[in-house]
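Observations on the three-dimensional arrangement
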Amino acid sequence: MILSEKTQKKILAEKNKYPQPKTAILPALYAVYEEFGYLSNETMKETGELLNIPFLEIVEVASFYTMFPKKPTGKYFLQVCTNLSCALLGAEDLVKHLEEKLKVKTGQVTPDGVFSIGRVECLGSCGTAPMLQVNNLHFQEDLTKEKVDKLLEELKKS
Amino acid sequence: MTKIVFKNIDKPEQYKIENYIKNGGYQGLAKTLKEYKPADIIEMVKKSGLRGRGGAGFPTGLKWGFIPKDSKKPKYLCVNADESEPGTFKDREIMEKDPHISIEGAIIASYAIGANVCFYYIRGEFVLCAQRIQKAIEEAYDKGYLGKNILGSGYNLDMYLYRGAGAYICGEETALLESLEGKRGLARVKPPFPAVEGLYKSPTVVNNVETLANVPDIVLKGADWFLSIGTAKSPGTKIFSLSGHINKPGNYELDMGTPLRHLIYDLGGGIKDNRKLKAIIPGGPSVPILTEEHLDVKLDFESLVQAGTMLGSGGVIVMDETTCMVKTALILMNFFKHESCGKCTPCREGTVWLYDILYRLEHGEGKKEDIDLLLKVCENIGGRTICALGDAAIVPVQSTIKYFREEYIAHVENRGCLTPFKFQLN
Amino acid sequence: MVKINVDGKPVEVEEGQTVLQAALKLGIYCPTFCWHEKLEPIGACRICLVEIEKSPKLAVSCITKAMEGMNVHVSSPKAIDGRKGVMEMLLVNHPLDCPTCDKGGECDLQDVAYYVKNDRSRFGEPKRRFLTSARSTFDEKQIGPLMYLTMNRCIACFKCVRMLKEVAGEYDLGAFGRGVFTEIDVVKDQPITNEFSGNTVEICPVGCLTSKPFRYAVRTWLTQKKSSVCGFCSDGCNLTLWVGGDKIFRATSRKNDAVDEGWICDKGRYGYDIVNHSDRIKTPLIKKNGKLEPATWEETFDLISNKIKETKDKFGPDAFAGIGSARCSNEDNYLFQKFFRTVVGTNNIDHRVAFKRLLPSPSSSSIENLYTMTNSIEELEKTKMIVVIGCDITSEHPIIGLRIKKAVNNYATPLVLINSKKTKLNAWAKTEILPKFGTEVALINSLCNAALNQKADQGFKDWVKTYSPQKVSEITGVEANAISKLAEEISSAERCIFLLGRDVLSHPQNQELIDAVYNLAHLTGALNKPHSGVNLLWEYNNSQGALDMGVLPDRLPGLTPLNQADYLQNVEKVWQSKISTKPGFNIHQILDGIDKGEVKFLYVMEENLVSNYPDRKYAQAVLAKAAFSVVQEIFLSETAQRATVVLPAASFAEKEGTFTSVERRVQKFQRGVRPQNQSKPDWQIISMLALWMDYENFNYDSTEKISTEIFSLVPSYLGLDYKKLGNNGAQWNGFVSKKEAMTYSLKKTDLKPIQSEQGYPFILTTGNLVHHCGTLSGYSENLNLVVNESFCEMNQQDAEKLGIKTNDEIWLESASGKIKTKAKLSSNLQPGMVFVPINFKELEVNLLMDKDNLVDWIKISKV
Ligand SMILES: Cc1cc2nc3c(=O)[nH]c(=O)nc-3n(C[C@H](O)[C@H](O)[C@H](O)COP(=O)(O)O)c2cc1C
Ligand code: SF4
Ligand code: FES
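Cut-offs used in this document
Counting restarts for each chain, with residues numbered from 1 along the sequence as it is written. Numbering of ligands from 1 and lettering of chains from A proceed in the order in which they are written. Only residues with pLDDT of at least 70 get local features here, since the model is predicted, and only at 80 or more are side-chain atom pairs given and counted; chain-wide, interface and lining totals rely on the full set of residues. Neither water nor hydrogens contribute to the side-chain values; these are computed over all heavy atoms in the structure. Working definition: with a 1.4 Å probe on protein chains only, accessible area under 20% of the residue-type maximum means buried, over 50% means exposed, and in between means partly exposed. Runs of H or I in DSSP of at least four residues are treated as helices and runs of E of at least two as strands, each being numbered from the N terminus. Two strands pair if DSSP finds at least two bridges between them. Lines fitted to C-alpha atoms define the axes, with helix axes restricted to the stretch in contact, and inter-axis angles between N-to-C directions lie between 0 and 180 degrees. Each polar contact in these results corresponds to two N or O atoms within 3.5 Å; when the atoms are within protein, one needs to be able to donate a hydrogen and the other to accept it, and residues that are neighboring in sequence are counted only if both atoms are side-chain atoms. Between two residues, a contact is recorded if the distance between any of their heavy atoms is within 4.5 Å. The split into domains, and so the bounds of each, comes from an automatic or database assignment of domains. Summed over both partners, buried area is the accessible surface (1.4 Å probe) that two parts give up on being assembled. Classification convention: Asp, Glu, Lys, Arg as charged; Ala, Val, Leu, Ile, Met, Phe, Trp, Tyr, Cys, Pro as nonpolar; all other residues, Gly among them, as polar. Put simply, a residue is near a molecule or strand once any heavy atom of it comes within 4 Å of that molecule or strand. Think of a nonpolar core as a cluster: buried Ala, Val, Leu, Ile, Met, Phe, Trp, Tyr and Cys residues, connected wherever their side-chain atoms sit within 4.5 Å. Within this document, salt bridges are pairs made up of a side-chain nitrogen of Lys or Arg and a carboxyl oxygen of Asp or Glu, the two lying within 4 Å of each other. The Shrake-Rupley method, run with a 1.4 Å probe, gives the accessible areas here. Residue values count only the displayed protein chains as cover. Distance thresholds for patches are 9 Å for like charges and 5 Å for nonpolar side chains (Val, Leu, Ile, Met, Phe, Trp, Tyr), applied to residues having over 30% relative accessible area and no salt bridge. Our arc is simply the arc of the directions from the helix axis toward the C-beta atoms. Only rings of Phe, Tyr and Trp enter the pairing, Trp through its six-membered ring, and a pair is recorded when the two centres are within 6.5 Å. The plane angle decides the type: under 30 degrees is stacked, over 60 is edge-to-face, the rest tilted. When the NZ atom of lysine or the CZ atom of arginine is within 6 Å of a ring's centre and also within 35 degrees of its normal, the charge is said to sit over that ring.

**A short note on the pairing of strand β28 (residues 657–660) of chain C**
All names here are of chain C. Because side chains alternate across β28, one face comprises the buried residues G657 and F659, and the other comprises T658 and T660, equally buried. One ladder, built from four bridges, connects β28 with strand β29 (residues 665–669); its direction is antiparallel. Considered in β29, the bridge of T658 is made with K668.

Set out below in structure tokens:
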């Protein structure tokens, strides 16, 4: 198995947790996503095997939700919210700023594999717009150019 | 102003169960289990006039009452914490700062409808919320508010945190259920309503976080107390999420019926940089916009309907004079087309069509006929879809054309946008 | 019942039925795309919008329940306007490639576009495209051996995926993504190959899914539709053949709710191409100097008739033997046995070539010897428990398999599988029992033991007590608990249907096993109750008919014993001939007779003796010895190659007649195309031959005349009317319907443990593949696109011990012979068992078989 033992255990722990087995698909995919940062056919196949659910159904479910990238992203995947509230406070400018600083376009990964840029729909952070999200994990809110630059520096270092 | 949901929101470390209990938490549950039968709770909530805070405003007690009493099937409660309506971030604050209030409400609701399993469905991006809720659920188990024989009452309830994974449509109750069943989140045709055939084909109630957060106090203080707040038909309070061109964005819990002006100027500190107000979305982009002339409208279900819009999710987005309305519609249409589940033809195809036309208009390739065509396409979507996303998607187009038709015409005549939507990042 | 009005006309529908169903009942057309009669409605496409008075919005009729007093308008301006709007939306992203689309002319989208009369689109933007490659024009891609996908045309009705999941339980086609980019597709490395895949092509409302064999072959309006019945397995699915000239272009379903509910398997759908196969025998052939040379029909008739007269004069009628066919029609088989019983005058006829141990001939007088399906396929939905014994349902009876899945899914009917190997259906089973091969009788006895009640006398009780769960557990490898629990479940089931398949029929203790199941059914009360009973599932499209027509050495038509005087008299009157009451030779005796020189003249009608007889060397040797042999066939089979005279026969698609399906349903099939080359229908060949010999009462100029004779003579078929058989056929019930009143006496059926053979550690089992049926389907190039290679499936651990991996070349060797094939490891088989499909004539699996050993033991080695 490509999945680590820890991930396998996590998936198996979800398997019989819910009133019906398929409910475990999303939580299991989270476990895979946490390990790899994206979902590949191989890892999804293994997830299906562990859950005893057809591979096809796993892929169907995974394909519907946007939080699971289906191919590797940068180590830090920066997703900028470009929905209305953020747009009103400079989200487009933020995307442009990132593209210029990192010298890649939205949807691409920097050559060193450290960063990639994406756009997302409203993340419920409108009161603290503009914002971006790192790896579907951390919200960076109330952004200014200065704050973005500092964030990039910090991430690069870690 | 009364505070119900937010009464303890700014108390230090309110998210910890000790603090929650110290500040009066779980007394509503204790009282429920000690003094009331499930039917009493439903009756009380019915009487209180509490209406759903998730967007549709359906009377909560009535919804609970639809759960068939004699059904042998298990019953489920699902907490709808998918909060994805643009401009809305109230549930997030509740979950991050005072998670137990929603959990307590959910336990009482589960008891009322006879559910022994409750799913707390949080949108995947809310990571801190998920952590806080997870921790809170564990604490509640430890203290005996969840699990077997809750507070010695003989009532059992298991609660699962469940994370969505990036799909606005999964906030729609039936799509949420599909998602919970481990499927693609396509909305289901109603009827059958979830109360009859919901999760796993069993009777199910779906309630918004804020709705449930009101419940403990209703139990503790009584329906009459709740009725004394807000307006006669919209009792209680509502949290409004204020964002956009506003000096003091954030969440504000207001008595129902508070004038919009008070929210924007007194609490929100007025328009940013002292620019002129142009438009306000009062309840998330699924509801029609308002303009300056509507500043005195009262924020409650009925008054907003009278003003031609709706209370919606309470996401108030403020736009100043420099905002292009075509671009606004375009951004929102991009959202709806991206989030359409793709099940019904008019929504799947129509949102893309509308987007294409708006895109052309914004980028200087619009024709005069396009404006009427937009409205015709909207007509062809409205009322013909399974869920309300289709109906919502046409709202930004229809309402911006209604109030700013000349701006659309200008886009055609000037071959593009004269007020380029370029808000600078500081 | 609910009363509503549709377009002003009153109609009554059942509670829970939809507005659409009400409209359809009135004959009012309302377009639909995502709705399908047999699928859960999802109300997605919205084209079925109708106006309902007092309701503010238009309603989707396919999912809106009819409510008392509703006033529905399908044809009001508002409703029409709504559907126009939806149609416009559907065409927004639909490529207007009708002229080049294979669906043109039978496309629902095209039809509805005409129906809504809106020929102008306001959509002027670029259309969505699913690009398969930068240079592709149609963006089409092959998603399986038999299927293409052109995603741009998809209108997202999801019927394909819903059908596979809801009805077939298959997961090789899915819906991915969301919104306008929702995509139907397969997953990486998993082409669509499930046996029901073709149904998705058939129900696709547009040209999104097309079939490889049919696409671009012909426009449907240039074809004619012929009502046929599938010629492969015995389930009897109804087919429509689409023909043009002498070619069959495709086969689709022809819904018969009692049988197939409109679904057919891919064997039936794609196997039609055997008819137009270039290897068909073109002319009659006569062996000259050891070589088969073309001849005319006259020459062959002369030769055969002279030979018959000569042999009969010299050696008497019992020097003849005939082998009929479970693939030929009732009319063919009826004339065949009539020919032997009257023209020749012998009862030396049989058709059961593949069985080592023959069951006693079925009989109509006692319940235990009915040896047929005593229930119907539909009844599977009405019973309360289904027990399948020794049958890989999905491979052998796909459509019965669907009905079982439906029972499990829709009615939560518990399914019990008792098989020595795991099958595809196991995923649906509530209980799966895997006894060691050869110990099944003990298992069933033990169930009887646990289910004992007052129906059993002391003798039986004492005997069956020796089969205690503990003891039987040791013999069978099944846990004692599982046995007791299952016995309890079967006993308490209100109704129960037992289905016995190929592995029971060919089991070394076949009769004991069947008797044991009858015991169990009797003890648990399932034998005489409605929607309950024991069912033997014969294999081929007309296995039941061949039995019914009396192609048996000891049965006249209608399973009547030879010596049943009143019937005999009647038959002799109609046939105008005396009939011998001396039982004839069965299949084994026939071959032995040839071997010993007693039988001089062999006549084989569409039966590949060499490939199917469970001892290839013997069959070959015997055929070489036959003084004179006639083989009537559609392909030059291994058997035909050894004949003195070969007669080209017409396949099921080139003739008309009736088949009797596994559930005793007599179904009429129409001729699709003219007989290819010089071939003739089997019945015609026989009737011409008899006329050649001046037997005037063989003057049959149509099948109808034969059918009419059958329907007036054969007891169970009495009263059927060829003209009135109609689209759904008719089930003969006769004595089966009386089974509830029949009595049964328990039998002591002892286990005879199978003896292993020194040096040959594996038990050989055989059967059909999901995509093939007998050796005939091996001629289908379409089906061979899915699987065309034989293999030997074996247990993983066994293989590991021998150092064998999947796809390794291996030798299979028995005391009788040796063959080479590829290994396929699997966990479905128990250790010590192997499985080889019988479908590919290239792999001569019966070389390993010895007719005298009831179990075939082999050894395996790597090449
Ligand atoms: C497209 C769509 C998205 C929705 N998203 C949410 C959401 O994120 N949160 C929510 O509470 N309700 C949402 N709703 C409303 C729910 O369908 C449902 O009405 C609500 O959860 C009921 O809870 P309440 O009665 O407590 O308001 C959405 C509805 C639609 C049509
Ligand atoms: S309206 Fe849109 S989002 Fe809602 S069910 Fe239909 S296609 Fe899906
Ligand atoms: S047929 Fe009714 S919605 Fe598709």
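**Observations concerning the sheet that holds strand β10 (residues 209–211) of chain C**
All names here are of chain C. Spatially, three strands are ordered β6-β7-β10 in an open sheet, and the strand pairing comes out antiparallel. The open sheet has two free edges, formed respectively by β6 (140–144) and β10, since each of these has just one partner strand. For this sheet the average axis-to-axis angle between neighbouring strands, irrespective of direction, equals 35 degrees. Where β6 meets strand β7 (residues 147–150), four bridges bridge the pair, whose relative direction is antiparallel. Looking at β7, one finds that K141 is bridged to L149.

**A look at the side chain of T383 of chain C**
Residues and elements named next belong to chain C. Position of T383 relative to the elements: it lies in the loop between β17 (349–350) and β18 (386–389). Side-chain polar atoms of T383 contact the backbone oxygen of H531, separated by 2.9 Å. Once residues within four sequence positions are removed from consideration, T383 is found in contact with T413, R495, C496, I497 and H531.

**Quick word on the domain arrangement of chain B**
All names here are of chain B. With domains assigned, chain B is organised as domain 1 (17–227), domain 2 (237–320) and domain 3 (325–413). A separation of 35 Å is found between the C-alpha centroids of domain 1 and domain 3. Contacts between domain 1 and domain 3 engage 11 residues on the former and eight residues on the latter. Roughly 850 Å² is buried in total at the junction of domain 1 and domain 3, and carbon and sulfur atoms are behind 77% of that figure. Considering only the side of domain 1, the residues that lose the most area to domain 3 are Y168, I169 and A187, jointly responsible for 52% of the buried surface there. Between domain 1 and domain 3 we count two residue pairs in polar contact (both at pLDDT 80 or more) in total. Within the side of domain 1 that touches domain 3, the residues separate by chemical class into seven nonpolar, two polar and two charged.

**Here we look at the sheet that holds strand β1 (residues 2–6) of chain C**
All names here are of chain C. Taken in spatial order, the five strands line up as β2-β1-β5-β3-β4 in an open sheet, and their pairing is mixed. Of all the strands in the sheet, just β2 (9–13) and β4 (59–60) have a single pairing partner and so form its edges. In this sheet, β4 lies alongside strand β3 (residues 49–52) in antiparallel orientation, the contact comprising two bridges. Residue pairing across strands places V50 opposite A59, the latter belonging to β4. Across the face of the sheet, helix α2 (residues 77–92) comes into contact with β3 and β5 (71–73) while running at roughly 155 degrees to β3.

**Quick notes on the site of ligand 2**
What surrounds ligand 2 is a group of 13 residues, the closest being C341, K343, C344, C347 and C387 of chain B. A class-by-class count of the residues in the shell around ligand 2 yields eight nonpolar, four polar and one charged.

**Observations regarding the nonpolar core**
Generally speaking, soluble globular proteins have nonpolar side chains that are buried together. Counting residues in each nonpolar core, the largest one holds 189 residues, and the members touching the most others are Y65 of chain A, F119 of chain B together with I184 of chain C. Broken down by element, this core gets its largest block of residues, eight residues, from helix α2 (residues 25–36) of chain A. Formed by 131 residues, the second largest nonpolar core is a distinct cluster that contains A442, W575, I710 and V714 of chain C.

**A short note on the interface of chain A and chain C**
The partner chain C presents 14 residues to the 13 residues of chain A that form the contact. Here chain A packs against chain C, burying approximately 1,100 Å² in sum over the two surfaces, 59% of which is carbon and sulfur. When the buried surface of chain A facing chain C is broken down by residue, L56, E60 and F64 of chain A rank first, second and third, together holding 46% of it. Taken together, chain A and chain C are joined by two salt bridges. In this structure, K165 of chain C and E57 of chain A form a salt bridge, with 3.6 Å as the shortest nitrogen-oxygen distance.

**Details of the site of ligand 1**
All names here are of chain B. Around ligand 1, a shell composed of 18 residues is seen, among which G54, K63, N80, N208 and T211 lie nearest. Within the contact set of ligand 1, an oxygen atom lies 3.2 Å away from a backbone nitrogen or oxygen of R53. One nitrogen or oxygen atom from the side chain of N80 is found 2.8 Å from an oxygen atom belonging to ligand 1. Calculation on ligand 1 without its partners gives an accessible area of 610 Å², and the protein chains cover 90% of this total. Secondary-structure elements contributing two or more residues to the shell around ligand 1 are β4 (204–208) and α17 (388–393). Top element by residues in the shell around ligand 1 is β4. It accounts for three residues.

**Re the environment of N563 of chain C**
With respect to the element layout, N563 of chain C can be found in the loop between β24 (560–561) and α18 (565–575). Along the sequence, N563 of chain C and T581 of chain C sit 18 residues apart, while their C-alpha atoms lie 5.9 Å from each other.

**Regarding the side chain of R250 of chain C**
Residues and elements named next belong to chain C. Structurally, R250 is set in strand β13 (residues 247–253). Using a relative accessible area of 12% as the deciding quantity, one classes R250 as buried. A polar side-chain atom of R250 sits 2.7 Å from a polar atom in the side chain of E106. Once residues lying within four places of it in the same chain are set aside, the contact partners of R250 are E106, F214, T220, T240, L241, W242 and Y272.

**Thoughts on the interface of chain B and chain A**
Counting from both sides, the interface comprises 57 residues of chain B and, opposite them, 44 residues of chain A. Counting every contact that joins chain B to chain A gives one salt bridge. Close ionic contact of R92 of chain B with E141 of chain A constitutes a salt bridge, the shortest N to O distance being 2.9 Å. Counting the contacts that link chain B with chain A gives 16 residue pairs in polar contact (both at pLDDT 80 or more). Contributing elements (two or more residues each) for the side of chain B that touches chain A: β2 (117–122), β3 (158–163), α8 (173–180), β5 (237–244), β10 (315–320) and α14 (325–339) of chain B. Tallying contributions element by element places α14 of chain B first for the side of chain B that touches chain A, with seven residues. For the side of chain B that touches chain A, a count of residues per class yields 29 nonpolar, 18 polar and 10 charged.

**With respect to the pairing of strand β33 (residues 809–813) of chain C**
All names here are of chain C. In β33, alternate side chains face the same way, and those of I810 and L812 are buried while those of E809, W811 and E813 on the opposite face are not. Bridge analysis of β33 against strand β34 (residues 818–826) gives five bridges, and the strand direction is antiparallel. Residue pairing across strands places L812 opposite I819, the latter belonging to β34. Where β33 folds back onto β34 in an antiparallel hairpin, the turn is made up of four residues. Two elements, β33 and strand β36 (residues 857–862), share four bridges in a ladder whose sense is antiparallel. Looking at the pairing, E813 lines up with K859 of β36.

**Concerning a nonpolar patch on the surface**
A cluster of nonpolar side chains, namely F58, L62 and F66 of chain B, defines an oily patch on the protein surface of about 270 Å² accessible area. Within the element layout of this structure, L62 of chain B appears in helix α4 (residues 60–65).

**A few points about the domain arrangement of chain A**
In terms of domain boundaries, chain A breaks down into domain 1 (5–64) and domain 2 (76–157). Here the C-alpha centroids of domain 1 of chain A and domain 2 of chain A sit 29 Å apart.

**Thoughts on the pattern of salt bridges**
Summed over all chains, the structure comprises 82 salt bridges over all chains. Between E139 of chain B and K135 of chain B there is a salt bridge whose closest N-O contact spans 3.7 Å. Taken as a pair, E139 of chain B and K135 of chain B lie in helix α7 (residues 127–142) at a separation of four residues, close to a single helical turn. On the accessibility criterion, K135 of chain B (46% relative accessible area) is partly exposed. The partner of D97 of chain C in a salt bridge is R153 of chain C, and the shortest N-O contact between them spans 2.9 Å.

**Re α18 of chain C**
All names here are of chain C. Along α18, the residues that are buried comprise Y567, L568, V571, E572 and W575. Mapping the buried residues of α18 onto a view down its axis gives an arc of 135 degrees, with all of them on the same face. Opposite the packed face of α18, turned more than 90 degrees from it, sit the exposed residues A565, D566, Q569 and K573. Those residues of α18 hidden inside the fold are in contact with α8 (330–344), β23 (555–556), β24 and α23 (703–713).

**A word on the packing of aromatic side chains**
As enumerated under the stated definition, the model contains 44 aromatic pairs over all chains in all. Each ring, one from Y518 of chain C and one from Y744 of chain C, has its centre 6.0 Å from the other, and the planes form 20 degrees; the classification is stacked. Residue Y518 of chain C is found in helix α16 (residues 510–523), and its partner Y744 of chain C is found in the loop between β30 (730–731) and β31 (762–767); the two are separated by 226 residues along the sequence. Comparing Y518 of chain C with Y744 of chain C shows no difference in burial state: the two are buried. Within the aromatic cluster, the residues linked to one another by ring pairs are F336, F339, F340, Y603, F698 and Y700 of chain C. Of note, R163 of chain B hangs over the ring of Y30 of chain A, and the distance from its end group to the ring centre comes to 4.1 Å. The lysine or arginine in question, R178 of chain C, covers the ring of F64 of chain A, its NZ or CZ lying 5.5 Å from the ring centre.

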